[in-house]
Every structure is written in structure tokens, then in C-alpha cells.
Amino acid sequence: MERFAQLAAQCLNTVLESPVQWTDLEFPPEPSLGDFAFPCFKLAKQLRKSPPQIAQSLLQQIQEKGTLPDGLEARTAGPYLNFIVSRQLVLQSLLQDILKGENRGNYGSIPAKTRGTWVLEYSSPNVAKPLNIYHLRPTALGAALDRIGRYRGYEVFSINHLGDWGKQYGMLTVAFRVFNKTIQSPLTMLELVDLYVKINALAEKDPTIEIEAKEAFLRLEKGDPEITALWKKCVDISLIEFDRNYKRLNVHFDHIWGESHYKDQLAPLLQDLKSRGILVESEGAWIVPVTDESGQELPPCLLQKSDGATIYATRDVAAAIYRFNQFHFDRMTYIVGAEQKLHFKQVFGVLRKMGLNWVDTCEHVPFGLYRFKDAKMSTRKGNFVTLDEVLTQAKDRVKTLMADRQKDHPQGENTKDSHEALEAVSEAVAVGAVVFHDLHTDPVRDVEFDLERVVDFEGETGPYLQYAHTRCLSILRKAHATGQAPETIEFDPALTQHLTTDVELHLVKSLGQFPIHLERTLKFSKASQLAHYLIDITHLFGTFYRECQVLGQTPELTRARLMLVEATRRILGQGLQLLGIPLPEKM
Ligand code: ARG
């Protein structure tokens, strides 16, 4: 449908003064109204006519000029000019496009690296703390945008900006001394966290700990070998733990460049800023007075403390410059919690003040928190629930649900193989459930987490979509096993005349909207856009399946409808995979 939306936009542009993009077109609420809608509200002021009059006059001009392409029809609906794609075009051309290529094909993809460079920073947890469920938000969203960006032709560079520098690492080295640990001590992540918690508790009673920690960090910044070795040990222990989690989520980064990666660039940066008068002294510390993009004054950005130490923001300014010099990006996106909005405005303010015009291509995508329905979880100290813990609970729940199903439909015996298969499927469904639930929530809203709802096999959940996908697979398997279809379903133009119902037409049109939703997902940095679309096509597939018998019809009708099952499998499978949802074969 992307192609047809482009044609509709081109046609509109033959009569509009300021051109529109195909992504500006909307979808009418009812498929019978049309496939794309051009809203005329914005033009009303400029043209001094009512939106319905404008829609009418645009239609007339298009008809007079004869610029409407074959297969597209235009109609007004009040203040909208709507475009309808012909049945012929949908069933012949669109369905063929969807079924092109092998396995999942590449419908809606754009050749790699043809659209510019996108630096995408996501996940970015702090070292020496386990991944909190809250970290799933930037990790799942970032990884989804990363995959979709590549699929849609961007050259993506993904960066994990670990929090691995700062006074707290000085604190950890003090903990080593106080609790008699050395560089040789075998330490797990849990023990490391425990050390950190204990030293902080001690620091509350003993102010000298804080002073020692500050000194230790200053020594670390100066490259002291002993402190550096301890610090590196903490980072390495954490990375092993993070990697285990990232593997579970199938997340990979091009670069794990923590804050420490920029440590040697900080002094020259501060020097440069001072010499240009951008960094000014204020009560012994060094700050940059900054404004936002509209010139509104913000609280100044602190870059160097009075003891000479750098801070979080200093590293971010250095990191942005370094990344631009490395990649000459066309866009840089930071997926970071909403509580850091001001921080990013200030960092961007410093870059703007430095005259770095590319700052206008940088954006902060904020996200909300997790809220638990389970009272035990929500009253946990600091609301600290690990990602691991949530995944494990989800997995247990999936196993219970699957065992209940097994009781209803016993299949085969209880062998070691079947036990392993159950483990693998439960893991896939649990990860799918938790990740989908996160992604289908608009990033800026909080995630309401209720385990039973998240893992439910019905409703708008990951397992529901995974199940619909396995349903497509099983229909195709059965068709093959009973000789009603070849092993791979290919597009056959002669069969499309058998697809005569509205629901079939509507299903193909909706499947064809896939690229449009991918594009919107990227434009707004919201994977919820794609997630909701996948829910919609799953519902539609359900209606199709109920109303249109697939197997056991005349051979032509069965084969024609199998093309729709195959098309649904492809789009649903590709969409879920781009979101990072595993695809079990059976559930
Ligand atoms: N490590 C930080 C935290 O956990 C997030 C880092 C975000 N990225 C950045 N470039 N500042 O709060």
C-alpha cells in the first residue's frame, strides 16, 4: 500500500501549492470510506474556504487535470479527500508483492544503507546493578527501532552507553578496602551489589567514606592503575550479567561505549570550552548558560565540579561530539527515561552554543515507568524488580497455562525431548509476552504490569499474536499434508478471482499497510504503532478464518485462500520478529 499512498500523494501534489508526503495521509476509520484520507483542515485558513469545499475543489481539479493514476479512485467525505485502491490492484499487484521472495520475503523493506545514518543509543544501564524491569523499556524499544531502521534502509549504529564512570565507582573501590576484597576476590554481580549497598549505608553514618570516594574517583579520572583495575573488575562482572539478559532478549549492540569511553576527551573538551568563553566559572564550579531550541533560558549546565571532577553531562557532551565525528549521522536518538528530559535539553543546549548545527538532528525519546498490580512488587523498596525475576515469573505462568492445555488435549508422552521442547516454548512465550506488553504501551505512558493479563493467551497480548502465527503455520502444514497445497505457497494471479468477499479484500489491504506502519514507527519512535497494527491484523485474520473456510473447499478456492494465510504468516512473522518477539512453531 505504500506504493499506492505514494501515488495518491503525487496526484495530490499536482494540485496542491505546498507538497504533501505520503506519510501525511491518514487512514479512514471505516474501510468502506477509502484507503487513504487527505484532511483539508489545515488548508482552510490559507484558502479562506471550509474544509469540505476544499476537498470538493481538489477533487474537481484532479479530475480536470486527469492526474489520478489507474486503479485509484478519489471521493470526498466531508472535510476529507479519500482515495480508494481498486480491488484488481489489491488482489493482483499488492498480494503479489507481499508473497514475493522466500520464507518471510522482504515486503516493505528498503535496500540496506540507502537512507542515511542513524545513531541509536539505548539500554544504557548502570554498572554494578542488575537490570531492573524498568531497563526493559529502553532496551526493547531501542532494539525494535534498531531492527526496523535497518529493515527500512537506514545505516544504523547502535550504542549502549553504560553508566560506568562517576563518583559511585569511587565508592565501590572504597568498599573493596572496607570489606577486605581485592582484585583477586571472586565476586558475583549479587555480591557486588551487596558491597555497594553496604558501603552506601556506612557512608550515611561516616562522612569520611564520601570524601574517600570522591578522592578515589579523582584518582580514577587521572588513570591511577590500582583504582582502574578495581573499576574494570566491576565493569566486567556487570557485563557478563548484562550479556546474559541481552541474549535472552536477542539484543545486540554495535558498540558498548560506556561513559568511561570518553574519559580522555573530557579535559580537552573543557579546555576548549573555557578558551572560547562558553564555559564560565560560578562559585568555583564551571557551567554553561544554555537555552532550548526556541531560545528559552534553561538552568545552566554544570560540566565541572569545584573539585575538578567531571559529571554525567560532561560525558554526554563529549560522547555526542565523538559520535558525530565517527559517523556523521543524519539522526541521533537517545532512548532514556522521561526524568532526564531537562538533562538532554541542557546537553543539546551546550552543543548548540558550540555552534554544532547537527544538534538539530538529535532527539531524546523519553519513556515512562513500570507500575505493578501485585502489591508485593509495587511496595518493594525502591520498586526494585529485576528483569530476570519478571521473566522467570512469566515463564512459570506460561508453563501452568500450557500444562492446563495439555490436560485438555493430550499430545504424545512425557519424554526428555518433550520436556526440553516445553522449556524452549515457555521461554519464547514468556519473553514474547513481557516484551510485547512493554512495546504495545505508548513509550511516554507508564506500563501497567499485571502478570496474568500480560501472559494471557487471549486478549491483546504477545502470546495471542504468537499463537495466531502458529495457527497460520498449522493451516499451511495441514494443507500440505492433505495434498491441498504445495509446500510453499506462491502467488498465482489466476486464483485471485476466487477471492470475492469483503473480508478477504480488507485483509489483503491491511496486510499491505505494513510498510506504512513501519515508517510511522520510525517517524514517531514508537513501537506501539507497529504493535497495535499487528493486533489489528490478527483480529482481522480471526474474522477471515471464521467467515471464510480455507481447507476442504474447491481446490481453487482453498488455494486462493491459502495465499491469504501465507501472506498473513509473513507479515505477522516479520512484524513480530522486528519487535523482538520470538516465533515458536507450536504452542
Ligand atoms: N545510565 C543512565 C541511567 O541509568 C542512562 C544513560 C542514558 N544515556 C545518556 N547518553 N545519558 O540513568
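Residues numbered from 1 in each chain as written. Predicted model: local features only at pLDDT ≥ 70, side-chain atom pairs only at ≥ 80, totals over all residues. Heavy atoms only, no water.

Engineer: Mind showing me how you'd approach the overall build of the protein chain here?
Structural biologist: Along the backbone of the protein chain there are 21 helices and 13 strands. Overall size of the protein chain, expressed as C-alpha extent along the three principal axes, is 85 × 75 × 40 Å. Buried positions account for 53% of the 587 residues belonging to the protein chain. A separation threshold of at least 6 residues defines the contact pool for the protein chain, and within that pool the share at least 24 residues apart is 76%. Here the protein chain displays about 27,200 Å² of accessible surface, and carbon together with sulfur accounts for 51% of that area. Here the protein chain contributes 67 positively and 74 negatively charged side chains, and the mean placements of these two sets differ by 1 Å. (Helix = DSSP H or I, 4+ residues; strand = E, 2+ residues; numbered from the N terminus. Buried < 20%, exposed > 50% of the residue type's maximum accessible area, 1.4 Å probe, protein only. Contact = heavy atoms within 4.5 Å. Areas by Shrake-Rupley, 256 points an atom, 1.4 Å probe, with all protein chains shown as cover. Lys, Arg positive; Asp, Glu negative; His and termini not counted. Charge placed at Lys NZ, Arg CZ, Asp CG, Glu CD.)

Engineer: Even after reading the chapter, I still don't get the sheet that holds strand β7 (residues 280-282), so can you show me in this structure?
Structural biologist: Read from one edge to the other, the open sheet built from three strands follows the order β7-β8-β9, with strand pairing classed as antiparallel. Unpaired on one side and paired on the other, β7 and β9 (301-304) mark the two borders of the sheet. Neighbour-to-neighbour, the strand axes of the sheet open up by a mean angle of 50°, direction not taken into account. Strand direction decides the pairing type here: strand β8 (residues 285-288) and β9, joined by three bridges, are antiparallel. Within β9, the position partnered with Val-288 by the bridge is Cys-301. (Pairing = 2+ DSSP bridges. Axes fitted to C-alpha atoms, helices over the stretch in contact; angles between N-to-C directions.)

Engineer: In this structure, what is going on with the sheet that holds strand β4 (residues 117-121)? I would like to understand it.
Structural biologist: Picture the strands of a sheet paired through backbone hydrogen bonds; they go either parallel or antiparallel. Spatial ordering of the open sheet is given by β6-β5-β4-β10-β11, a layout of five strands whose pairing is parallel. Since the sheet does not close on itself, it has two edges, and those belong to β6 (255-256) and β11 (362-365), each with one partner.

Engineer: Whenever I open this one, helix α10 (residues 263-275) confuses me. Can you help?
Structural biologist: Given 3.6 residues per turn, any residue in an α-helix points the same way as the ones three and four places further on. Among the residues of α10, those classed as buried are Leu-266, Leu-269, Leu-270 and Leu-273. Projection of α10 onto a plane perpendicular to its axis shows the buried side chains occupying an angular sector of 100°, all on one side. For α10, the exposed residues lying more than 90 degrees away from the buried face are Asp-264, Ala-267 and Ser-275. Here the buried face of α10 lies against α8 (207-221), β9 and α11 (312-327). At the exit of α10 stands Gly-277, carrying a positive phi of roughly 70°. (Arc of directions from axis to C-beta.)

Engineer: Sorry, what's going on with the packing of aromatic side chains here?
Structural biologist: Here a ring pair, both rings aromatic, is described through the centre-centre distance and the interplanar angle of the planes. Counted by the stated rule, this structure contains 24 aromatic pairs. With 5.0 Å between their ring centres and 40° between their planes, Tyr-122 and Phe-253 make a pair best called tilted. Placement of Tyr-122 in the loop between β4 and α5 (136-151) and of Phe-253 in the loop between α9 (225-249) and β6 is noted, with a sequence separation of 131 residues between them. Comparing Tyr-122 with Phe-253, the two get one shared label, buried. Note on Phe-324 and Phe-329: the rings are 5.0 Å apart at their centroids and 90° apart in plane angle, and the pair reads as edge-to-face. As far as burial versus exposure is concerned, Phe-324 and Phe-329 are alike and both buried. Taken together, Phe-157, Trp-257, Tyr-262, Tyr-322 and Phe-327 form an aromatic cluster joined through their ring pairs. Sitting over the ring of Trp-286, Lys-274 keeps its end group 4.3 Å from the ring centre. (Phe/Tyr/Trp six-rings, centres within 6.5 Å; stacked < 30°, edge-to-face > 60°. Lys NZ or Arg CZ within 6 Å of the ring centre and 35° of its normal.)

Engineer: Can you walk me through the pattern of salt bridges in this structure?
Structural biologist: One side chain can pair with another of opposite charge once the charged atoms of both are near each other. Across all of its chains, the model carries 34 salt bridges by this definition. Lys-509 is paired through a salt bridge with Asp-35; the nearest N and O atoms lie 2.9 Å apart. Taken as a pair, Lys-509 in helix α18 (residues 502-512) and Asp-35 in the loop between α1 (2-13) and β1 (36-39) lie far apart in primary sequence, 474 residues in all. The two residues Lys-509 and Asp-35 agree in class, both being buried. We note a salt bridge from Arg-150 to Asp-254, for which the minimum N-O separation is 2.9 Å. Of this pair, Arg-150 sits in helix α5 while Asp-254 sits in the loop between α9 and β6, placing them 104 residues apart in sequence. Judged by its relative accessible area of 35%, Arg-150 falls in the partly exposed class. Taking relative accessible area as the criterion, Asp-254 reaches 36% and is therefore assigned partly exposed. Taken together, the shared-partner salt bridges connect Glu-241, Arg-244, Arg-248, Asp-388, Lys-395, Lys-399, Glu-423 and Glu-427 into one network. (Salt bridge = Lys/Arg side-chain N within 4 Å of Asp/Glu carboxyl O.)

Engineer: Even after reading the chapter, I still don't get the environment of Lys-232, so can you show me in this structure?
Structural biologist: With respect to the secondary-structure elements, Lys-232 resides in helix α9. Considering only alpha carbons, one finds Lys-232 and Ala-55, 177 residues apart in sequence, at a separation of 65 Å.

Engineer: Honestly, the site of the ligand in this entry has me stumped. Any pointers?
Structural biologist: Residues in close proximity to the ligand include Glu-121, Ser-124, Asn-126, His-161, Tyr-312, Asp-316, Tyr-334, Val-336, Gln-340 and Phe-344, which together make up its full environment. Contact distances for the ligand include 2.7 Å between a nitrogen atom and a side-chain N or O atom of Tyr-312. In the model, an oxygen atom of the ligand is placed 3.0 Å from a nitrogen or oxygen of the Gln-340 side chain. Burial of the ligand by the surrounding chains reaches 87%, relative to a free accessible area of 350 Å². Among the residues making up the shell around the ligand, the classes are represented as four nonpolar, four polar and two charged. (Near = heavy atom within 4 Å. Polar contact = N/O pair within 3.5 Å; in protein donor to acceptor, adjacent residues only side chain to side chain. Nonpolar A, V, L, I, M, F, W, Y, C, P; charged D, E, K, R; others polar.)

Geometric descriptors of this kind do not, in isolation, establish any biological role.
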